[in-house]
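Topology and contacts: notes
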Amino acid sequence: MTTTDAPPTRTVTPARRWAMLAVGTTAQASSAAMVVAPSFLIPELHRPMAEGGHGMSLAEAGLVASAAMAGMMATLVLWGLVVDRRGERFALLTGLVIAALGGGIATTTGDPWPMAAALCVAGVGAAATNSASGRVVVGWFPPERRGLAMGIRQTGQPLGVGLAAATVAVIAHHHGIGPALWVPTAATAVSAVLVALVVLDPPRPPRAEAGTVANPYRRDGFLARVHGASVLLVVPQFLVWTFGLTWLVEDLDWSPGVAGLVVAGTQVAGAAARIGAGWASDRVGSRMRPMRAVAVVAAATMALLGLAAAAADGSGAVTAVAVVLLVVASAVTVADNGLAFTAVAERAGPFWSGRALGLQNTAQHVAAVAVPPLAGLAITAWSYGATFALAAAFPLLAVAVVPVRGERGVS
């Protein structure tokens, strides 16, 4: 069997360790930008054909927006197996090249459905970064710094969403949906080059010991409960990511450019929230207690956002409060991701972390793929405010699912 395992005694300088973290974060950001970029095409896809758009319903546009996410979801566990068998560097390089190729094909067509097929291929490649770059962090950083390091690595997702939000909607509005996709496509290509230059596989015990490692899912229900809580918490996260910009444009009558900048700003807040949550988990010696606290705050924030959005009329103090709550919700609803990833990788161990992180991401993306079309139906039937408020039920359920008592501490 081909393997890229390093000897257990292999070490790197602190500068190289942080450089690999930076590249892993960049890879995650570019992959996230590729996966969520179609969400910021929704205003153009939904705009009437008489006005230069594609005339799709919100549900249809949401289905196109979920194409890359569907490709990612379908292959996360397979990429985890690749990570466990061939190593992180191989998985990252291969995945990023596939993502760039799929994105490049998507830029060549203005027809939404062929574009969605190409984006699905891009999502297949983007899935590699979720399993591989997380293992790079856990493998190279000591336990007392993993929460902070993984929090930094997890900023890649909101930063990637921010990049897409700041560029894709406005480019699509002025130049079309094909040119708008060049931003995430170029980002994934650059990330592939950086991975080739910087990333090394983290050390593991000899491969011969892998056969004696027990399946961590058979020991207890800890990993399954982390997956379940993460699924519940991802619903409001992808709701505000997918429809926050469209709400600003359609209900509040903002321009796509200004709305995109606001949504990009929310991702900076989300990145800070992930770092803060990771730092707190290192200080308290727990990943699950901070995760449960995030669930409580997320439920309250989504409920308040729903009330404010229902009362907002595009101007005045209520609208300002609603926009602030959108920013807060965008930050709070992503703060748990790094905590869950770190806990899963630590509990699963070096020979199961790839598959466990793949399952973690698959579970989240099953929910995330369903959010755009179902939320589009809910918004059409009721309103943005009612749909935001309804989403508060999911983090509220997560409070009871987070396995605080099953945690063994940071190790």
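Residues numbered from 1 in each chain as written. Predicted model: local features only at pLDDT ≥ 70, side-chain atom pairs only at ≥ 80, totals over all residues. Heavy atoms only, no water.

On to helix H3 (residues 58–65), then. Those residues of H3 not exposed but buried are Leu-58, Ala-61, Gly-62, Val-64 and Ala-65. Each buried residue of H3 lies within a common arc of 160° when the element is viewed along its axis, so the set occupies one face. (Buried < 20%, exposed > 50% of the residue type's maximum accessible area, 1.4 Å probe, protein only. Helix = DSSP H or I, 4+ residues; strand = E, 2+ residues; numbered from the N terminus. Arc of directions from axis to C-beta.)

One non-glycine residue with positive phi stands out, namely Asp-253, at about 65°. Here Asp-253 lies in the loop between helix H12 (222–250) and helix H13 (256–284). According to the relative accessible area criterion, Asp-253 is exposed, its value standing at 68%.

Within the secondary structure layout, Asn-337 lies in helix H16 (residues 337–348). Contacts of Asn-337, omitting those with residues within four sequence positions, involve Gln-154, Gln-157, Gln-237, Arg-274 and Gln-364. (Contact = heavy atoms within 4.5 Å.)

As a further point, take empty space enclosed by the protein. Applying the stated rule across the entire model yields three cavities of 30 Å³ or more. In this structure, the largest cavity is lined by 13 residues; those nearest its centre are Asn-130, Gln-157, Asn-337, Asn-361 and Gln-364. Looking at the lining of the largest cavity, the elements that each hand over two or more residues are helix H7 (143–154), H12, H16 and helix H17 (353–381). Counting residues per element, the lining of the largest cavity draws most heavily on H17, which supplies four residues. Counted by class, the lining of the largest cavity contains four nonpolar, eight polar and one charged residues. Gln-28, Ala-32, Val-35, Val-36, Met-72, Asn-130, Gln-157, Phe-238 and His-365 together form the lining of the second largest cavity. (1 Å grid on protein atoms, 1.4 Å probe; cavity = no way out; pocket = protein on both sides within 12 Å on 5 of 7 lines; lining within 4 Å. Points joined across faces, edges and corners; volume = space filled by probe spheres on them. Nonpolar A, V, L, I, M, F, W, Y, C, P; charged D, E, K, R; others polar.)

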